[in-house]
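A structural walkthrough
Okay, here's what each chain looks like letter by letter:
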Amino acid sequence: MRLLQARFGGSRLASTASIKPRYMLIYDYVEDVLEKRAPHRAGHLSLIEGYVKDGKILMAGALSNPPDKAFIVATSEEAAKTFSEEDPYVKNGVVTGVSIREWNTVEFSEQ
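Criteria and cut-off values
- Residues numbered from 1 in each chain as written.
- Predicted model: local features only at pLDDT ≥ 70, side-chain atom pairs only at ≥ 80, totals over all residues.
- Heavy atoms only, no water.
- Phe/Tyr/Trp six-rings, centres within 6.5 Å; stacked < 30°, edge-to-face > 60°.
- Helix = DSSP H or I, 4+ residues; strand = E, 2+ residues; numbered from the N terminus.
- Buried < 20%, exposed > 50% of the residue type's maximum accessible area, 1.4 Å probe, protein only.
- Core = buried A, V, L, I, M, F, W, Y, C linked by side-chain atoms within 4.5 Å.
- Contact = heavy atoms within 4.5 Å.
- Pairing = 2+ DSSP bridges.
- Arc of directions from axis to C-beta.
- Axes fitted to C-alpha atoms, helices over the stretch in contact; angles between N-to-C directions.

**A word on the packing of aromatic side chains**
Applying the stated criterion to the full structure yields three aromatic pairs. Between Y29 and Y89, the aromatic rings sit 6.2 Å apart at their centres with planes inclined by 75°, giving edge-to-face as the arrangement. Residue Y29 is found in strand β1 (residues 15-29), and its partner Y89 is found in helix α4 (residues 88-91); the two are separated by 60 residues along the sequence. For Y89, a relative accessible area of 1% puts it in the buried group.

See below:
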C-alpha cells in the first residue's frame, strides 16, 4: 500500500487522499517492563500475530528510551478492545493503563 506519493518542484500531488479511521490501542507499562514482560512475551507476540493474520491489527510496537508505552494499531475499536482483554501483558500486570483512541489516517491512491 502506498501511503504517500508526491512530486516536488512545484508539481501537484500525484495521488488522491482519503481518510481511513484506525484505532490506536495505547498501553502504559510498569517501570521495570523489560524484566516483567519476559515470561509473557511469547504469548503476547503470538496473540499479535494471530490478530495480524486475521487483518485486525496492522502494526504494533513499544517506545524505547524509556520503554514506558506501546501502541497497537487496530482496524476496529472492537478489535482493539478484545485484544487488550486477551493480552497476557494486561492479564499479568505488565500494563498499568489501557486506552483506545480513534486515529484518522490519510491514505493515498494513484489517480
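**Focus: the nonpolar core**
In terms of nonpolar packing, the biggest core is built from 19 residues, with L25, Y27, Y29, I72 and F83 touching the most fellow members. Among the secondary structure elements, those contributing two or more residues to this core are β1, α2 (41-53), β3 (69-74) and α3 (77-86). Considering every element that reaches this core, the biggest residue donor is β1, with four residues. Sequence-distant contacts of Y27, defined by excluding residues within four places in its chain, comprise H44, D68, K69, A70, I72, F83, S84, D87, V90, V95, G97 and V98.

**Focus: the pairing of β1**
In the sheet, β1 pairs with strand β4 (residues 95-110) via 15 bridges, with the strands oriented antiparallel. For Y23, the partnering residue across the bridge sits in β4 and is E102. Across six bridges, β1 lies against β3 in antiparallel orientation. Paired with Y23 across the strands is A74, a residue of β3.

**Topic: α3**
Among all positions in α3, only A79, A80, F83 and S84 are buried. Here the buried residues of α3 occupy an arc of 130° about the axis, which is enough to place them on one side. For α3, the elements touching its buried residues are β1, α2, β2 (57-62), β3, α4 and β4.

**Quick look at the sheet that holds β1**
Ordered in space as β2-β3-β1-β4, the four strands form an open sheet in which the pairing is antiparallel. Each end of this open sheet is capped by a strand with a single partner; those strands are β2 and β4. Within the sheet, the average angular offset between the axes of one strand and its neighbour, ignoring direction, is 20°. Relative to the sheet, α3 contacts β1, β2, β3 and β4, its axis offset from that of β1 by approximately 20°.

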